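# Architecture and fold: a report
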Amino acid sequence: MHKYHLSHLKQLENEAVFIMREVASQFEKPVLLFSGGKDSIVMVRLAQKAFWPAKIPFPLMHIDTGHNFEETIEFRDNLVEELGAELIVASVQQSIDEGKAVEEKGPNPSRNKIQTVTLLDAIEKHKFDAAFGGGRRDEEKARAKERFFSHRDEFGQWDPKNQRPELWNLFNGKKHIGEHFRVFPLSNWTEMDVWQYIAIEHIPIPHIYYTHEREVVRRDGSYLANSPFITVMEGEKVEKKMIRFRTIGDMTCTGAVESSANKIEDIILEVAAARETERGTRTDDKRSESAMEDRKKEGYF
């Protein structure tokens, strides 16, 4: 890989490590939000580097929608065992069963929006005062508005018009009781940066990021994995395609792309040629122009 890229990635790595250490010094009880996707996997590697040779000094927390890819859960459990890390799993299904959240209707009912309830309940239950998220500014226009330290009020809500300045990498983590911060160490990274970092660090990732044959349904311009969580509509058909996923989330809204990329180098070439961000395959982001920002204001990741 070109020396420029290596230098650029080292600078991003140093910035992220600095932010993680700042959180460890300013907050009493941080947590790393872990989805099993590439960004959260990279955050785990950065946390290892930030606190080596000690173990990662905060738990990983997965907000389990119940609509997960089996490969993601298997990867999560193997990684946690390998790290000797603490894993907290907060269940969206439990929130539904307790009447705190209401399942969507329709042929592919996403749980992305209602997992906010589960997330905020888990933060309050465990008294976390800072939560690392894998959001990047290149993903979506609402995420481009975030600071590294994103203040959330006592209701877990975010006000994009009232954020603290972060001049000269000075981060203000002061808060009142009941408030917390979301922290985004990968803010200045791009999708390409993430894949190149995975390549040079030889970081394992779930196999569904590589091309594989899977039953899919074409819907709203995307290929959705055929699963018990979606309803095949009249006029639609289930077909087998060679696909891969650019992003991993709720199976009901995470679209796949046709691909022949079976190694990291192939993925990097695909990303370089892509004309759409990876969240362009997420059907829940297409529901309105402000879909992501509306969810974030309510307490979403």
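Residue numbers restart at each chain and count upward from 1, following the sequence in its written direction. Owing to the predicted nature of the model, reporting of local features is limited to residues with pLDDT of at least 70; listing and counting of side-chain atom pairs is limited to 80 or more, with chain, interface and lining totals taken over all residues. Values reported for side chains reflect all heavy atoms of the structure, with hydrogen atoms and water molecules removed beforehand.

In these notes, a set of buried Ala, Val, Leu, Ile, Met, Phe, Trp, Tyr and Cys residues joined through side-chain atoms within 4.5 Å is what counts as a nonpolar core. Burial here depends on accessible area, computed with a 1.4 Å probe over protein chains only, as a share of the maximum for the residue type. Under 20% is buried, over 50% is exposed, and the range in between is partly exposed. Ranked by internal contacts, the top residues of the largest apolar core, which has 57 residues, are Met20, Leu32, Val42, Leu46, Trp189 and Trp195. Only helix 1 (3-26), helix 2 (38-51), helix 3 (70-83), strand 4 (130-132), strand 6 (180-183), helix 6 (191-201), strand 8 (222-225) and helix 7 (264-273) provide two or more residues apiece to this core. Secondary structure elements follow DSSP: runs of H or I of four or more residues count as helices, runs of E of two or more count as strands, with numbering from the N terminus. Among the elements that line this core, the one with the most residues is helix 2, at 8 residues. For the purposes of this description, domain bounds are those given by an automatic or database domain assignment. No fewer than three residues from each of domain 1 (8-193 + 289-298) and domain 2 (206-283) sit in this core.

With that settled, consider the environment of Val17. Secondary-structure assignment places Val17 in helix 1. Classification of Val17 as buried rests on a relative accessible area of 9%. With 168 residues separating them in the primary sequence, Val17 and Pro185 have C-alpha atoms 7.7 Å apart. Residues within four places of Val17 in sequence aside, it is in contact with Leu46, Lys49 and Ala50. In this analysis, two residues are considered to be in contact whenever any of their non-hydrogen atoms come within 4.5 Å of each other.

Before going further, it helps to spend a moment on the confidence of the model for the chain. Residue-level pLDDT values for the chain average 84, and 80% of them are 70 or greater. Scored between 0 and 100, pLDDT is the confidence that the predictor attaches to each residue. Per-element confidence in the chain is highest for helix 2, whose mean pLDDT is 97, and lowest for helix 8 (residues 291-298), whose mean pLDDT is 51. Here residues 285-289 scores under 50 on pLDDT; set against residues more than four positions off or in separate chains, the count is 12 contacts.

By convention, a stacked pair of Phe, Tyr or Trp rings (six-membered ring in the case of Trp) has centres within 6.5 Å and planes under 30 degrees apart, an edge-to-face pair has planes over 60 apart, and any other such pair is tilted. Applying the stated criterion to the full structure yields 6 aromatic pairs. Residues Phe51 and Phe58 carry aromatic rings whose centres are separated by 5.8 Å and whose planes lie at 85° to one another, so their mutual orientation is edge-to-face. Relative accessible area serves as the criterion here: at 14%, Phe51 is assigned to the buried category. Overall, Phe58 belongs to the buried group, its relative accessible area being 4%. For the pair Phe58 and Phe132, a centre-to-centre distance of 5.1 Å together with 40° between the ring planes defines the contact as tilted.

With that out of the way, let us pick up the packing of helix 6 against helix 7. Their axes nearest at 10 Å, the elements helix 6 and helix 7 cross at an angle of 165°. As judged from the angle between their axes, helix 6 and helix 7 are roughly antiparallel. Along this stretch, helix 6 crosses helix 7, giving a crossing that reads as left-handed. Counting all contacts with helix 6, which are made through Glu191, Met192, Trp195, Gln196, Ile198 and Ala199, the residues of helix 7 involved are Ile264, Ile267, Ile268, Val271 and Ala272. Three categories are distinguished: nonpolar for Ala, Val, Leu, Ile, Met, Phe, Trp, Tyr, Cys and Pro, charged for Asp, Glu, Lys and Arg, and polar for the others, with Gly belonging to the last. Classifying every residue of the contact of helix 6 with helix 7 gives 9 nonpolar, 1 polar and 1 charged. To obtain an axis, a line is fitted to C-alpha atoms, over the contacting stretch when the element is a helix, and the angle between two such axes runs from 0 to 180 degrees between their N-to-C directions. Should an angle fall under 35 degrees it is taken as roughly parallel, and over 145 as roughly antiparallel, whereas 65 to 115 is taken as roughly perpendicular and any remaining angle as oblique. Here a crossing is called left-handed whenever its near helix is offset anticlockwise from the far helix by less than a right angle, and right-handed whenever the offset is clockwise.

Let's shift gears to the sheet that holds strand 8. To summarise the sheet geometry, strands pair through backbone hydrogen bonds and adopt either a parallel or an antiparallel arrangement. The 4 strands lie next to each other as 7-8-10-9, forming a closed barrel whose pairing is antiparallel. Averaged over all pairs of adjacent strands, the angle between their axes in this sheet comes to 65°, without regard to strand direction. As paired strands, strand 7 (residues 212-219) and strand 9 (residues 238-244) are joined by 6 bridges and run antiparallel to one another. Within strand 9, the position partnered with Val216 by the bridge is Glu239. At least two DSSP bridges between two strands are required for those strands to pair.

This part takes up helix 6. Three or four residues apart is the spacing at which side chains of an α-helix point the same way, because the helix has 3.6 residues per turn. Burial analysis of helix 6 places 8 of its 11 residues in the buried class, which makes it a mostly covered element. Three or more residues of helix 6 are buried, namely Glu191, Asp193, Val194, Trp195, Gln196, Tyr197, Ile198 and Ala199. Directly after helix 6, the chain includes His202, whose backbone phi takes a positive value near 55°.

With that settled, consider the pattern of salt bridges. When their charged atoms lie close together, side chains carrying opposite charge are able to pair. Any Lys or Arg side-chain nitrogen located within 4 Å of an Asp or Glu carboxyl oxygen qualifies as a salt bridge. For the structure on display, the rule yields 16 salt bridges. The residue Glu103 makes a salt bridge to Arg111 at a minimum N-O spacing of 2.6 Å. Between Lys263 and Asp266 there is a salt bridge, with the nearest N and O atoms lying 3.3 Å from each other. Beyond isolated ion pairs, a larger network of salt bridges with shared partners links Lys10, Glu13, Arg45, Lys49 and Glu201.

What follows covers the layout of surface pockets. Within this model, the second largest pocket holds a volume of roughly 250 Å³. Breaking the lining of the second largest pocket down by element, the ones donating at least two residues are strand 3 (87-91), helix 4 (92-97) and helix 5 (115-126). No other element matches helix 5, which puts 5 residues into the lining of the second largest pocket. In terms of residue class, the lining of the second largest pocket is made up of 4 nonpolar, 5 polar and 4 charged. In the cavity and pocket records, a cavity denotes points on a 1 Å grid over the protein atoms alone where a 1.4 Å probe fits but cannot get out, a pocket denotes an open set with protein on both sides within 12 Å along at least 5 of 7 lines, and lining residues are residues with an atom within 4 Å of a point. Grid points are joined across faces, edges and corners, and a volume is the space filled by probe spheres set on the points.

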